[in-house]
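Okay, here's what each chain looks like letter by letter:
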Amino acid sequence: MLDPSSSEDTGGESDPEVFPEAPRKAAGKPCGSSRTSGHSQPRQSTAPGGKTGAKDSGVSCGEEEERKERERREKEEEEERKMKLQIYVFVLRCVAYPFNAKQPTDMARRQQKVNKQQLQAVKERFLAFLNGETQIVADEAFCNAVRSYYEGFLKSERVSRMVQSGGCSASDFREVFKKNIERRVRSLPEIDGLSKETVLSSWIAKYDAIYRGEEDMRRQSQRAHLSAVSELILSKEQLYEMFQQILGIRKFEHQLLYNACQLDNVDEQAAQIRRELDGRLQLAEQIARERRYPQFVSADMEVLYVDELRSAVNLLMANLESLPVSKGGPDFKQKLKRSSMNNSFLDMGDEGDILSKSEVVLSFTLEIVIVEVQGLKSMAPNRIVYCTMEVDGGQKLQTDQAEASRPQWGTQGDFTTTHPLPSVKVKLFTESTAVLALEDKELGRVVLNPTTNGPKQAEFHRMVVPKSSQDTDLKIKLAVRMDKPPNMKHSGYVYALGQRVWKRWKRRYFVLVQVSQYTFAMCSYREKKAEPQELMQLEGYTVDYCDPQPGLQGGRVFFNAVKEGDLIMFACDDEQDRVLWVQAMYRATGQSYKPVPPPQNKTTNCRGGSLNQASPISLDPSQRQGVEELISAAPCHFDHAALFTILQKNTLQHRMKDSFSCLGWFSPGQVFVLDEYCARYGVRGCHRHLSYLKDLMECSENNVLVDPTLLHYSYAFCASHVHGNRSEWRFTFNPVCVLCVFADRPDGMGTVTVDEKEQFEAIRNRLIALLDNQITHFRYCFPFGRPDGALKATLSLQERVLMKDITTPVPPEDMKKLVQRCLEKAARINYSQLMEYAQIKGQRSFRSPEKRLEDLTRLGELCIEVLQQNDEHHSEAFSWWPELMAEHAEMFLFLYQADMDAALQIQPVDSWDSFPLFQLLNNFLRTDPHLCNGTFHKHLQDLFVPLVVRYIDLMESSIAQSIHQGFEQETWQSVNNGSATSEDLFWKLDALQLFVLDLHWPEPEFAKHLEQRLKLMASDMMEACVKRTKSAFDTKMQKASKTTDFRVPPSVCTMFNVLMDAKKQCSKLCVLDSGQEQQYHSKIDVLIDDAFKEMISSLVSKFAAVLDGVLSKLSRYDEGTLFSSILSFTVSSRSFFCPGRQGKPGMDVADTYITFVRQNQDILRDHINDELCIENMFEQWYTGSMKMVCVWLTDRLDLQLHMYQLKTLIKIVKKTYRDFRLQGVLDGTLNNKSYETIYNRLTVEEATAAVKAGDGLQGISMRDSEEEDD
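What counts and what doesn't
- The residue count restarts for each chain, going from 1 along the sequence in the order it is written.
- Side-chain atom pairs in this predicted model are given and counted only at pLDDT of 80 or more, local residue features only at pLDDT of at least 70, and totals for whole chains, interfaces and linings cover all residues.
- Water and hydrogen atoms play no part in the side-chain values, which are based on all heavy atoms of the structure.
- Numbering of helices and strands runs from the N terminus, with a helix taken as a DSSP run of H or I at least four residues long and a strand as a DSSP run of E at least two residues long.
- For every residue, the accessible area (1.4 Å probe, protein chains only) is compared with the maximum for its type, and the residue is labelled buried under 20%, exposed over 50%, or partly exposed between those bounds.
- Contacts are assigned to residue pairs that have any heavy atoms within 4.5 Å of one another.
- Computed with the Shrake-Rupley method and a 1.4 Å probe, the accessible areas treat only the protein chains shown as cover for residues.
- Here, the term nonpolar core denotes a set of buried Ala, Val, Leu, Ile, Met, Phe, Trp, Tyr and Cys residues that are joined through side-chain atoms within 4.5 Å.
- Axis definition: a line fitted to C-alpha atoms, limited for helices to the stretch in contact. Angles are taken between N-to-C directions and run from 0 to 180 degrees.
- The labels follow the angle: roughly parallel below 35 degrees, roughly antiparallel above 145, roughly perpendicular from 65 to 115, and oblique for the rest.
- Gly falls in the polar group here, along with every residue not listed as nonpolar (Ala, Val, Leu, Ile, Met, Phe, Trp, Tyr, Cys, Pro) or charged (Asp, Glu, Lys, Arg).
- We define a salt bridge as a side-chain nitrogen of Lys or Arg found within 4 Å of a carboxyl oxygen belonging to Asp or Glu.
- For two strands to count as paired, DSSP must find a minimum of two bridges between them.
- Counted as a polar contact is a pair of N or O atoms within 3.5 Å, where, for protein atoms, one must be capable of donating a hydrogen and the other of accepting one, and residues adjacent in sequence contribute only when both atoms are in side chains.
- For Phe, Tyr and Trp, where Trp contributes only its six-membered ring, two rings pair if their centres lie within 6.5 Å, and the inter-plane angle classes them as stacked under 30 degrees, edge-to-face over 60, or tilted in between.
- Whether a charge lies above a ring is judged from NZ of Lys or CZ of Arg, which has to be within 6 Å of the ring centre and within 35 degrees of the ring normal.

Per an unreviewed UniProt entry, the chain goes by the name Calcium-dependent secretion activator 2 and belongs to Gouania willdenowi.

## Some points on the overall build of the chain
Assigned secondary structure in the chain consists of 37 helices and 18 strands. With 1270 residues in all, the chain has 47% of them scored as buried. Sequence separation of at least 24 residues holds for 73% of the intrachain contacts in the chain that already meet a minimum separation of 6. As presented, the chain carries roughly 63,800 Å² of accessible surface, and 50% of it is formed by carbon and sulfur atoms.

## A word on the nonpolar core
Counting 127 residues, the largest nonpolar core has Y896, F1056, L1099, Y1153, L1164, W1181 and L1242 as the members making the most contacts within it. The element contributing the most residues to this core is helix α31 (residues 1084-1115), with 14 residues. Discounting chain neighbours no more than four positions away, the residues touching L1242 are L1193, L1201, L1206, L1209, I1210, V1213 and M1262. Listed in part, the 67 residues of the second largest apolar core include L239, F243, L247 and I763.

## A look at the packing of helix α15 (residues 640-656) against helix α16 (residues 668-681)
Running from N to C, α15 and α16 point in directions that differ by 180°, and their axes come no closer than 11 Å. Taken together, the axis directions place α15 and α16 in an arrangement best described as roughly antiparallel. Mapping the contact onto sequence places H640, L643, F644, L647, Q648, T651, H654 and R655 in α15 and Q670, L674, Y677, C678 and Y681 in α16. A class-by-class count of the residues in the contact of α15 with α16 yields seven nonpolar, five polar and one charged.

## Focus on the pattern of salt bridges
Note on pairing: side chains with opposite charge can pair once their charged atoms come close. According to the stated counting rule, one finds 53 salt bridges in the structure shown. For E157, the salt bridge goes to R161, with nearest N and O atoms at 2.7 Å. Of this pair, E157 and R161 both sit in helix α4 (residues 157-164), four residues apart, which is roughly one turn of the helix. The class of E157 is partly exposed, set by a relative accessible area of 43%. The partner of R310 in a salt bridge is D307, and the shortest N-O contact between them spans 3.8 Å. Here D307 and R310 lie together in helix α11 (residues 301-322), a separation of three residues that amounts to about one turn. Assessed through its relative accessible area of 29%, R310 is described here as partly exposed. Since its relative accessible area comes to 30%, D307 is described here as partly exposed.

## As for the sheet that holds strand β14 (residues 520-525)
Taken in spatial order, the seven strands line up as β15-β14-β13-β12-β18-β17-β16 in an open sheet, and their pairing is antiparallel. Lying at the two open borders of the sheet, with one neighbouring strand each, are β15 (534-537) and β16 (542-546). The sheet shows a mean angle of 35° between the axes of neighbouring strands, direction not considered. When strand β17 (residues 557-563) meets strand β18 (residues 566-572), the two strands line up antiparallel, connected through seven bridges. Its bridge partner lying in β18, F558 is registered against A571. Packing against the sheet, helix α9 (residues 251-261) makes contact with β16, β17 and β18, and its axis sits at approximately 80° to β17.

## Focus: helix α26 (residues 915-925)
Within α26, the full set of buried residues consists of F915, L917, F918, L921, N922, F924 and L925. Summarising the contacts, the buried residues of α26 are in contact with α24 (849-874), α25 (882-905), α27 (935-968) and α28 (980-999).

## Details of the pairing of strand β13 (residues 506-514)
Most of β13 is tucked away: seven of the nine residues are buried. Across eight bridges, the pairing between strand β12 (residues 488-497) and β13 is antiparallel. Its bridge partner being in β13, A496 is matched across the sheet by K506. Alignment of β13 against β14, held across six bridges, turns out to be antiparallel. When the sheet's bridge partners are listed, Q514 is paired in β14 with F520. Here β13 folds back onto β14, and the loop between the two strands holds five residues.

## Focus: the sheet that holds strand β11 (residues 475-482)
With antiparallel pairing, the four strands of this open sheet are ordered in space as β7-β3-β11-β10. In the strand order of this sheet, the two ends are held by β7 (408-417) and β10 (459-462), each with one partner. Going across the sheet, the axis of each strand differs from the next one's by a mean of 30°, ignoring polarity. Sheet topology places strand β3 (residues 364-374) next to β11; eight bridges connect them, and they run antiparallel. Across the sheet, I370 pairs through a bridge with L478, a residue of β11.

## Re the packing of helix α10 (residues 266-290) against α16
Direction vectors running N to C along α10 and α16 enclose 50°, while the axes themselves pass 10 Å from each other. On the basis of their axis angle, the class for α10 and α16 is oblique. Residues Q272, I273, E276 and R280 of α10 lie in contact with α16, whose contacting residues are A679, R680 and Y681. Broken down by class, the residue content of the contact of α10 with α16 amounts to three nonpolar, one polar and three charged.

## Comments concerning the pairing of strand β4 (residues 384-391)
Of all the eight residues making up β4, seven are buried; the element is thus mostly covered by neighbouring parts of the structure. Looking at chain direction, β4 and strand β6 (residues 402-403) are connected through two bridges and run antiparallel. Across the sheet, the residue bridging to I384 is E403, located in β6. Where β4 meets strand β8 (residues 424-430), seven bridges bridge the pair, whose relative direction is antiparallel. Bridge pairing links E390 to K425 in β8. The sheet contact formed by β4 and strand β5 (residues 396-398) spans three bridges and is antiparallel. The residue bridging M389 from the neighbouring strand is L397, located in β5. Between β4 and β5, which pair antiparallel one after the other, the connecting turn spans four residues, and D392 there sits at a positive phi close to 55°.

## Examining the environment of S1067
Within the secondary structure, S1067 sits in helix α30 (residues 1050-1069). Under the relative-accessibility criterion, S1067 is labelled exposed at 52%. As a C-alpha pair, S1067 and D1085 span 18 residues in sequence and 8.8 Å in three-dimensional space. One polar contact links the side chain of S1067 to the main-chain carbonyl oxygen of K1064, over a distance of 2.8 Å.

## Considerations on the side chain of K988
When you line up the elements, K988 lands in helix α28. You can call K988 buried: its relative accessible area is 17%. Beyond its immediate chain neighbours, meaning those up to four positions away, K988 contacts S958, I959 and S962.

## Some thoughts on the packing of aromatic side chains
One pass over the structure, following the stated rule, counts 59 aromatic pairs. Consider the rings of Y386 and F429, whose centres lie 5.7 Å apart with planes at 20°: the pair is stacked. Here Y386, found in strand β4, pairs with F429, found in strand β8; they are 43 residues apart in sequence, far enough to count as distant. Here Y386 and F429 have matching classes, each one buried. Plain terms: the ring middles of F967 and W972 are 5.8 Å apart, the flat faces sit at 45° to each other, and that makes the pair tilted. A single burial state applies to F967 and to W972, both of which are buried. Among the aromatic residues, ring-to-ring pairing joins F126, F129, F142, Y149, F153, F173, F177, W203, Y207, Y211 and F784 into one connected group. Of note, R158 hangs over the ring of F784, and the distance from its end group to the ring centre comes to 4.3 Å. Against the face of F142 rests K206, its NZ or CZ located 5.6 Å from the ring centre.

Rendered as structure tokens:
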């Protein structure tokens, strides 16, 4: 597995070791040599035996080695720094006057990176949503999707590595979530009026709300706008700033180089280009004369090489000639730039609003305190004197009056003004004693011009007195305190000379004003003026100390402010004043370079030289000796291929560290500068792309995400250049023909150097190994399929790299074998990483079987998750070889199989805890078309077949025993739909069948066998249950009473419920899924129906036996029998001795039977669960009862019924009819032939009795009567 590097490493300087090939001539001669001192000797102290001296000698040798090593490193750093400065000079010229390249506007927009802090914040936001701490309303389905996304993606270690590699953006996060919910929403059922597209849009909107959190959307959009502007197109100033950061150039160094190169002078830049092109032509001619050609793959390319050099220069000349002639550089405008990020490259002259003089506003507070006046001798002591004060001719204030002998006041006057150099007038008056005098007499005055830096304490000032005054030595003691406003940072008198402002060397009063938080202005003022005379905005300037300038009179110590195209020189009379000015301007400019005051002995001598010799490459403002060497060096004498390699490498490093997920793609501004550099200085396209490939592969090897499409472009360019067409190796001696042969290359170059070919072969071998490694580690190099399409592009690039030339394709079998080999290694790597993630490896031998099985199940879940992620995110890339992905999955599962077998072998016998593992694995495998009934799947089935068979055998034995023991101890109390034993039986049978059904056994034959066996078992168990229930019912019925005291026991009702429940369960437990009954026991339904019928018949027979007893009692009243008269007398006497029962005497038998019928009806209705069973039972009961009464009456057809018999039968028949009708017996059953026969007979008997006995029936009649007592 690759260890991704962090994208947050700091450091702007490149490693010096990456530039060993850069020639020293490119940087000029090194300045100075290493210093060796002949006087310094290591001091040795005398000690006995000389041991101390030897020790000191060893230490001194070590110190000498360290010193040499330090000097060597310093020398290398110095050379590297000079090389970067020289490269920066060439970059400046490319940016200042481009004539070959333009900033591309069609490049893909890069997304902002997600860093570690943002990833943690996103995790916290999604966790807060899952904990219900946000105001976002969501349903359960969305919460489940977010939980899966949080657990599977955000918390994944691969996402953290992807963030560290710098190739992850918020768009990647969103796309992964979108892909996840699309699969979920497709599986949801359809909802009327709500489309799935609407659900997706709603979920995405909620995701965006969770991802953003509570950020300020306006600030976010503004930040995004600025980032987009910097990503699309840059101004020249922004390009300068970018390459300062890339090459490590300081701001003041850039400003000095800018001015020295005269980059703001268009004519100078055009002339520089003409000089460069002329030098390149001369160099080409010199190469042709001296035959100093590079080593080519063929000697015939030497002539073509010179022609290519001339053609390149001619093309540049044509490009330069096509530019319109400019009258000069752009007009300079002093403007206030709000933000450099808002400027575009095409609109450089409009940088912001003009900073006008009216925008610079200052407000001062003056306190004038007049203390006393001295020298007032000509006045009488008792004369009254007073003083007035005014500022800039405004309002006057007056002190109190005092006597001339003691002119003291201590009065304070407060004034406000907007003039940095105000005029303060104080006058002394005496009251005029003349009668006609209109004004008091002025004795003297003083005019002051205070500043904020003036003294705060009171001082004496000589007053100007009138000519006629005798007090010539008149003095006034006063204090003028001028407060500094907050936006005034510094002020004072300074000499200044600039190119665009302050064009005369003159002493002026300057004020450093803060206009806004980011805008400062240097303003010069005159007396009594509120607006500045001239001003200069300090943004972009660099301030520093400098040496005295010869020819400038005035000022002792100097400092300057430098900007592209401008230089302003300042001078003060005091060193401390200079330090204060430089510090104030340093804070105002915001420059990164901090000025350092030079030694005192260097600043006081205007014409003296520097005491310390400066390094030739130092660009310190006070040491500029190396600037001229850098800008005057002829570009044609440099190895620009080596310099461009350094520039491109540093540019790529800078690009990889910015805030965009670039994946190795340069920004438009960087592409523009690199294109212009290659065209202007003749860098060969093949060398450019070879260097680019090296840098990109180095990033990839350091686990930084690089777009394989970018590698593909550069490699294809180099391959086309190196290989060309096959005809390129057949040369003719005609240079024209040679040129035609090589004209098919992408860069138009027909020559191929040996160095290019060797580098290409080395890069090709290196790239093959890199791509092989990425394909092997595809889960970690392209986690969750991000970047989108990168894995597919990597496979395409690998196939392209394996081609031996540009025309011969790679045999499909070779590519298939390579991918197969990579996927086999990937399976081992992925499984080992999974074991480390699960923290299982190395601890298995010390864990219990239960813990081993738990770990195995967890590992199985992780394996399934890995395979599902591979199928979801990576299967499309391997769509050309789907069988290879299946082999990869089988290999991955084979590694898991070894751990599974080992864990299952140590499980106890008859332990069923491993079945969830089978269900987990089988549910995944049976739905995968490539893995279903594969090698691992068949092994899994073979492993669990004995366990399943053994489990069913034991369950069958256990159920049979529970039936036997349960019915032996059954109390027949009602439990749910039956008894305790039947409920337990049916639950066990159903649970066993559900368990086998949930196994989803993939092999059809064995699955059918299991189903048939379970159905047979259920039929046998149910048959036993029915028979045991029927046997218990018969026993109960035999013990039951035959009198009207008989009540149906609740246990009998429970038995009926057991049979009814068995009939219901039979359709589910004993019938195959095909709808056919179980072939081994097709009589189970018949058995249940027969038993049910027999039980109903037995119960109805018991009811009939009770009725038969009642009719037997009535038979004793038949005519002609011995007991008839006796019983008749008994009934009459009972009526006589029981006067309270005069209404219906002798109805005990009828009442008792009616109560028997009603109570048993209620018992059956309350305790039997099935309505059809109750109706069937009531119908048989009623029909049997009516038949029995009808038979009894038929047997007495020739006899007249006794009055007691008639009344009893009428009541029994009538009440029975009504009760069964109330219980729901249909009219067709109620009004059967038996009932009609009984009704007719009893009606006739009733009429006969009415004629003979009158009111002997006591109101009992077959006719319906509402007044009849129930």
